[in-house]
Number of protein chains: 2
Amino acid sequence: MHAGGNRDAAVFPPVVENGSARGRAVIVCEHASNHIPAPWGDLGLTADQRRAHIAWDPGALGLARGLAERLDAVLVHAPVSRLVYDCNRAPDMAGAMPARSEIHDIPGNAALTPEDRARRTAAVYIPFHDGLHAVLMDRIARGLHPALITIHSFTPVYFGKPRAVEFGVIHDADDTLPRAILAAARAHTPLRAQLNEPYSARDDVTHTLRLQATPYGLPNAMLEVRNDLIATPEAEAAMAATLAPVLAAAMATLTPEPV
Amino acid sequence: MHAGGNRDAAVFPPVVENGSARGRAVIVCEHASNHIPAPWGDLGLTADQRRAHIAWDPGALGLARGLAERLDAVLVHAPVSRLVYDCNRAPDMAGAMPARSEIHDIPGNAALTPEDRARRTAAVYIPFHDGLHAVLMDRIARGLHPALITIHSFTPVYFGKPRAVEFGVIHDADDTLPRAILAAARAHTPLRAQLNEPYSARDDVTHTLRLQATPYGLPNAMLEVRNDLIATPEAEAAMAATLAPVLAAAMATLTPEPV
C-alpha cells in the first residue's frame, strides 16, 4: 500500500465489527462474502456458481457474528469472494486466484498476467491482512493476549463424496488451542468433531494462522463447520450458541489467563 | 491502520528506495535512523546518547544502500529510532520500546501506559511492516521470488567486552541462505565471519525474518557488521563492494533460480 503503484485502484480492506470488544478471541472470516466487485465482472461464472461454496463459505459469516457477540470478540471479515482473491492463500499459491475450484473452471482466472496477479494482491490480499494485523497488534500492545480463531464452512459433498465430519478443528504449528477446542466440543456437544478434518495444514489451508498468529506466538485455531448445519440464520445462531461455550472453555485453559 | 483509532496521529511508513529494481534481494534496514520525531521529544537522552549505537545501527543504512545499488535490489528502511519503536521486535517484547539499552536508561520509555504502547505501535511498527509486506507481496505475485536480507551493525565493545567477530550471519528457521552467505564470505573475503554471532534467533533478534519471510517460505538472512568497519561513507562503500559479490554468489545457489 505504501509502495509500488495501484494508488488509484480500488482497495477492499476487511470489515471490522465489535472493534472495542474486550474478549480475548479475534474471530476471522476470510471467506465471508461471495461479492465480486465491478473491476472483475462475473469472472465468467453463472449466478448459481457465484452462489455456490466455491465462491465463499456459506453460513460462516453468520456463525462468526454469533460467536463474536457471545464471546465479546472483535470480528474481521473479507468483503470480496475468494474467487477474486482467497485471503487464506499466499500470492504464489495456486488457490490464491484459482483457475479451477472443485469441478468448476473459473474463466476469469484462466489467463492471469503477473500484472493481474499483482493488482488483485494489492486490492484484496494486502489490505485484508494489513487490517487484521492492525487489530492484532493493537491488542498485543495493550496486553490483551489475543487468540486468533478463523471460521470456515465446508460442503457436505465434495467431488461427489459425502463427508461425515460435522465440526473440524485444524491446527498449524501450535496445536494447544485446537486440542482444547476439540476436547470441549466432544465433551459438551453432540457434534461429530475431528482434528484436522476435512483437511489439514498439509493442504496449505492455514495461511492466515501462519502469517498472523505463529510469528507472535498467539494461540490459534481454524474451525470448519459443515455448511448444511448452518444453512439458515436460525441454524447459524443455534450453532453459535453451541460453539461459543466450547471456545470459551478452551480459551480458559490457556495461559496467560484471558483478560 | 484500518481499525482502531489513531487516525489523526502521525505515522512513519518506511522509506522505499529502488522500488523498481529487478534483483531478487529485498534489503531491509530496521535500525537505519536515530531520528526521534517531535511527539516523543528527546526521550530524556543526551545528544551523545542519541548518536550512539543504542539509538540505531551506525553505518547500516550506508552499507544497505551500497548493497542495493550493486545488487539491483529494492531497499526498505525505517525512518525512526529504535528507541521510539524497534521494528525488529513484536509489540509485546521488552525490546520493542526499551526502558534500558545496554548500560543506558531511557527515561522517556520508563513508564509507558498500554495506550502509549498502542500509539507507538500504530505510528511506527505497523506502517513499517505493512510497507515491507506490500513490497514483498508485489514481488511474490509477479513471480520474482524475493529473498529477504536484513542489514544490521553491532558495537565493537558491549558491556565492556570486545567482540572479535566482524561479520555475523544469523538464521531463523531456514538456514539455507545464511549458510551459503557464510561459505561465500569465508571463501572470498578476509572478514572474520561467524554463524549466529554476536547473537542468534534465541535472543529474539529475528522478528522481521519470522514475520515477513518464514510464512511465505522466502529465503532469508540477517547480516551483522561490526560498526567500526563501516564508520565512514568510504568504509560503508568499501564494505558494500566486499559483500555484494558474497550475497550474489549465495543467492545464485538458491532454487528457483534468481530472475
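Residues numbered from 1 in each chain as written. Chains lettered and ligands numbered in written order. Predicted model: local features only at pLDDT ≥ 70, side-chain atom pairs only at ≥ 80, totals over all residues. Heavy atoms only, no water.

Participant: Quick question: what am I supposed to make of the interface of chain B and chain A here?
Facilitator: Often, the extent of an interface is quoted as the loss of accessible area on bringing the components together. At the junction of the two partners, chain B supplies 32 residues and chain A supplies 32 residues. Together chain B and chain A conceal approximately 2,700 Å² of surface at their shared face, both sides included; 66% is due to carbon and sulfur atoms. The interface formed by chain B and chain A contains 2 salt bridges. Between E115 of chain A and R142 of chain B there is a salt bridge whose closest N-O contact spans 2.7 Å. Here chain B and chain A share 4 residue pairs in polar contact (both at pLDDT 80 or more) between them. Contributing elements (two or more residues each) for the side of chain B that touches chain A: helix 3 (114-141) and helix 5 (207-213) of chain B. Partitioning the side of chain B that touches chain A into residue classes produces 19 nonpolar, 6 polar and 7 charged. (Contact = heavy atoms within 4.5 Å. Buried area = accessible area lost by both parts, 1.4 Å probe. Salt bridge = Lys/Arg side-chain N within 4 Å of Asp/Glu carboxyl O. Polar contact = N/O pair within 3.5 Å; in protein donor to acceptor, adjacent residues only side chain to side chain. Helix = DSSP H or I, 4+ residues; strand = E, 2+ residues; numbered from the N terminus. Nonpolar A, V, L, I, M, F, W, Y, C, P; charged D, E, K, R; others polar.)

Participant: Please explain empty space enclosed by the protein as it appears in this structure.
Facilitator: Regions of empty space are outlined by a rolling probe, equal in size to a water molecule, passed over the atoms. Tallied over the entire structure, the rule returns 2 cavities of 30 Å³ or more. Here the largest cavity defines a volume of roughly 100 Å³. Lining of the largest cavity is provided by H129, D130, H133, L211 and Q212 of chain A together with H129, D130, H133, L211 and Q212 of chain B. Across the lining of the largest cavity, the residue classes tally to 2 nonpolar, 6 polar and 2 charged. In this structure, the second largest cavity spans a volume of roughly 30 Å³. As for the second largest cavity, its lining consists of P215 of chain A together with M93, D204, T206, H207 and R210 of chain B. Tallied by class, residues from the lining of the second largest cavity come to 2 nonpolar, 2 polar and 2 charged. (1 Å grid on protein atoms, 1.4 Å probe; cavity = no way out; pocket = protein on both sides within 12 Å on 5 of 7 lines; lining within 4 Å. Points joined across faces, edges and corners; volume = space filled by probe spheres on them.)

Participant: In this structure, what is going on with the relation of the copies chain B and chain A? I would like to understand it.
Facilitator: In summary, the two copies of the chain are related to each other by a rotation about an axis coupled with a shift along it. After a rotation of 180° and a shift along the axis of 0.0 Å, chain B superposes on chain A with an RMSD of 0.0 Å. Here the transformation between the copies is reduced to the relation of a two-fold axis. In terms of proximity to the rotation axis, the leading residue of chain B is D130 of chain B, whose C-alpha is 3.1 Å off the axis. Here 100% of the contact residues of chain B are again contact residues in chain A; the copies associate through an equivalent surface. (Least-squares fit on C-alpha atoms with pLDDT ≥ 70 in both.)

Participant: Honestly, the sheet that holds strand 2 (residues 25-29) of chain B in this entry has me stumped. Any pointers?
Facilitator: Think of a sheet as strands paired side by side through backbone hydrogen bonds, with each pair either parallel or antiparallel. Residue and element names in this part refer to chain B. Sheet architecture is open: 7 strands sit in the order 1-3-2-6-11-9-10, paired in mixed fashion. Looking at the sheet topology across the chains shown, the edges are occupied by strand 1 (15-17) and strand 10 (193-195). Each adjacent strand pair in this sheet contributes to an overall mean axis angle of 20°, direction not counted. Direction of pairing for strand 6 (residues 147-154) relative to strand 11 (residues 220-226): parallel, over a ladder of 7 bridges. Paired with T150 across the bridge in strand 11 is M222. (Pairing = 2+ DSSP bridges. Axes fitted to C-alpha atoms, helices over the stretch in contact; angles between N-to-C directions.)

Participant: Looking at this structure, I do not really get the sheet that holds strand 3 (residues 74-77) of chain A. What am I missing?
Facilitator: Residues and elements named next belong to chain A. Here 7 strands make up an open sheet; going across it, the order is 1-3-2-6-11-9-10 and the pairing mixed. Here the strands that pair on one side only, and so sit at the sheet edges, are strand 1 (15-17) and strand 10 (193-195). Averaged over all adjacent pairs, the angle separating strand axes in this sheet is 20°, with direction ignored. Here strand 2 (residues 25-29) runs beside strand 3; their pairing, made up of 4 bridges, is parallel. By the bridge assignment for strand 3, V26 is matched with V74.

Participant: Looking at this model, I keep getting lost on the pattern of salt bridges. Mind explaining?
Facilitator: Any two side chains of opposite charge can pair, on the condition that their charged atoms come close. One pass over the full model with this rule turns up 26 salt bridges over all chains. The closest approach of N and O atoms between E115 of chain A and R119 of chain A, which form a salt bridge, is 3.7 Å. Linking E115 of chain A with R119 of chain A, this pair stays in helix 3 (residues 114-141), spanning 4 residues, or about one helical turn. Salt-bridge contacts for D138 of chain B lead to R142 of chain B; the nearest nitrogen and oxygen are separated by 3.0 Å. Bridged by salt links that share partners, the residues E115, D116 and R119 of chain A together with D138 and R142 of chain B form one connected network.

Participant: Looking at this model, I keep getting lost on unusual backbone geometry. Mind explaining?
Facilitator: One can expect most non-glycine residues to show negative phi and most peptide bonds to be in trans. Residues and elements named next belong to chain A. Between E197 and P198 the backbone carries a cis peptide bond, its omega angle lying at 0°. With respect to the secondary-structure elements, P198 resides in the loop between strand 10 and helix 5 (207-213). The phi dihedral of N18 falls on the positive side, at around 55°, and the residue is not glycine. The residue N18 is located in the loop between strand 1 and strand 2 in this model. With relative accessibility at 37%, the residue N18 sits in the partly exposed group. (Buried < 20%, exposed > 50% of the residue type's maximum accessible area, 1.4 Å probe, protein only.)

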